[in-house]
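Chains, contacts and geometry: an overview
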Amino acid sequence: MPPKKKNPAVEEDLGMMRAARFGRVKNTLTMGFVGLPNVGKSSLTNLLSGAAHAEAANYPFCTIDPNVVQCIVPDKNFKYLADTWKPPSIVPAALKVTDIAGLIKGASEGAGLGNAFLSHIAAVDGIYHLVRVFASDEVIHVDDSVDPIRDLETIQGELCAKDASNLQGVYDRECERVRKEKGLSRQTTNFKLPEAFTEAYAKVKKLVESNTPIRSGDYTATEVDIIRDWGMITTKPQIYVVNLSQKSFIRKGSKWLPKIGEWVKEHGGGQIIPVSCEFEQNYFDLKDDPENQKAFLQQCKEEAMAAGLKGPQAEIRSMVPRLIRAGRQALCLQSFYTAGPKEVRAWTIMKGTLAPQAAGVIHTDFERGFIKAEVCNFNDFKALHKGDNSMAKVKEAGKYRQEGKQYVMQEGDIVVFMHNTTTGKKK
């Protein structure tokens, strides 16, 4: 039976914006793969980047130092602009992804290489939580059996335990700050901490002690500002990635998927993306042979139809583009374009960025001397340019506009920044 259609009006935000409250305000943010050993982190990192950068070996801790790759962001609009201008330089947007070595139970207390790995997790801005559902005699499981719910509990438990242990340090530092502010000795204990701090602290402590991510809580704006400075791991946005066998991926089913969905709902919610490293690897290996790659997808479709799937449900495609886009969405990143005869380029900014700050991503002088932004919506350009690699027809149609310093950049804006920077007179 096909799944029921979701109502966009009531569809939840999957926790992305809630987690984004605690994030760093930067344009160069990083997603990181987190999970037990041998669940497919290095393999999927390789596939996302399109090259075998990380060592994908079948033994625990094969990745010790975090491996960082740049993943090209799939973008049909950017490709359209590049095909229109055909410049010598084409620079797409990229998402930075870190392959972090596998955690095991007890990592928060130093088991395995836990403390080092947890510090690597703390250094990224968002998490791909990869959980293994496939069974294989060739790929050993660190716990000798496949049980994704147990694995989810293990990883989430270690992340929450690390945050819980860090809370004591947060409390001690706040006490020390208040003592200094009031001129009290270190031995003094009968003083009150700020109410906003104690309320935020109590909420966070209750969540992590119940194995629930901090990001799922309800906080005031003041509490968010306080918690952001604590650097807690479970404030980071998280996407749950379920690694299926190729057979289960094609048939779009596994006995574990409903159970994983229920577990995620009970532990703060989040986006769940089913993938299959086995399928993705087989598909990727045929990248230099388009005919065989197409035949492989057709074979997968026929297998899906034989399993009872029909119409769009029987279509099989790579999930790599969706994973990359979901990572950018989780980090609240978006692109604007500059396009001309010399270069077409996608620039990465955070959602909500104002025009002068977007100009500063290109060059700091552009922000300092910002005058205005000449902006065209991509859809307007596509509908109006009639094959010309210029904005002439867009301007004729009145769709080429000028925006000032308070303009909030939109996804897919095509922009020319006007600026004027002059060197100050020597005294």
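Before reading further, recall that the structure is shown in the block above.
Let me sum up the structure you'll find in this document. None of the values given here were measured: they were computed from a predicted structure.

Two numbers describe how helix 10 (residues 277–284) lies on helix 11 (residues 290–306): the axes approach to 9 Å, and their chain directions differ by 150°. On the basis of their axis angle, the class for helix 10 and helix 11 is roughly antiparallel. In this structure, helix 10 contributes F279, N282 and Y283 to the contact, and helix 11 contributes Q293, F296, L297 and C300. Residue composition of the contact of helix 10 with helix 11, by class: five nonpolar, two polar and no charged.

Inspection of the secondary structure assignment puts P312 in the loop between helix 11 and helix 12 (320–330). Since its relative accessible area comes to 72%, P312 is described here as exposed. Taking the C-alpha atoms as reference points, P312 and K301, separated by eleven residues in sequence, lie 10.0 Å from one another.

With respect to the helices, strands and loops of the structure, S335 is situated in strand 8 (residues 333–339). Judged by relative accessible area, S335 falls into the buried class, the value being 1%. Discounting residues that sit within four places of it in the chain, S335 has contacts with A93, R328, A346, W347, Q410, E411, G412 and D413.

Spatial strand order, 2-4-1-5-6-7: six strands in an open sheet with mixed pairing. Of all the strands in the sheet, the pair left with one neighbour each is strand 2 (67–72) and strand 7 (271–275). Shown here is a sheet whose adjacent strand axes are inclined to one another by a mean of 25°, direction ignored. Relative to strand 7, strand 6 (residues 238–243) runs parallel, the two sharing five bridges. Residue pairing for strand 7: N243 is matched across the bridge by V275. Contacts from helix 2 (residues 41–49) reach strand 1 (30–34), strand 2, strand 4 (94–99), strand 5 (126–132), strand 6 and strand 7, with the element oriented near 35° to strand 2. Contacts between helix 9 (residues 256–266) and the sheet are confined to strand 5, strand 6 and strand 7, with strand 6 contributing the most and set at about 165° to the helix.

This next bit is on the packing of aromatic side chains. In this structure the tally under the stated criterion is 16 aromatic pairs. A centroid spacing of 5.4 Å and a plane angle of 15° characterise the contact between W85 and F381, whose relative ring orientation is stacked. You can see W85 sitting in helix 3 (residues 76–85) and its partner F381 sitting in helix 15 (residues 378–384), a full 296 residues away along the chain. Plain terms: the ring middles of Y171 and F197 are 6.5 Å apart, the flat faces sit at 40° to each other, and that makes the pair tilted. Here the residue Y171 occupies a position in helix 5 (residues 148–182), and F197 occupies one in helix 6 (residues 195–209), the gap between them amounting to 26 residues. The class of Y171 is partly exposed, set by a relative accessible area of 32%. Following the ring pairs from residue to residue traces out a cluster consisting of Y171, F197, Y201 and W230. K382 extends its terminal NZ or CZ atom over the ring of Y80, reaching a point 5.2 Å from the ring centre.

Parameters at a glance
Residues numbered from 1 in each chain as written. Predicted model: local features only at pLDDT ≥ 70, side-chain atom pairs only at ≥ 80, totals over all residues. Heavy atoms only, no water. Axes fitted to C-alpha atoms, helices over the stretch in contact; angles between N-to-C directions. Helix = DSSP H or I, 4+ residues; strand = E, 2+ residues; numbered from the N terminus. Parallel < 35°, antiparallel > 145°, perpendicular 65-115°, else oblique. Contact = heavy atoms within 4.5 Å. Nonpolar A, V, L, I, M, F, W, Y, C, P; charged D, E, K, R; others polar. Buried < 20%, exposed > 50% of the residue type's maximum accessible area, 1.4 Å probe, protein only. Pairing = 2+ DSSP bridges. Phe/Tyr/Trp six-rings, centres within 6.5 Å; stacked < 30°, edge-to-face > 60°. Lys NZ or Arg CZ within 6 Å of the ring centre and 35° of its normal.

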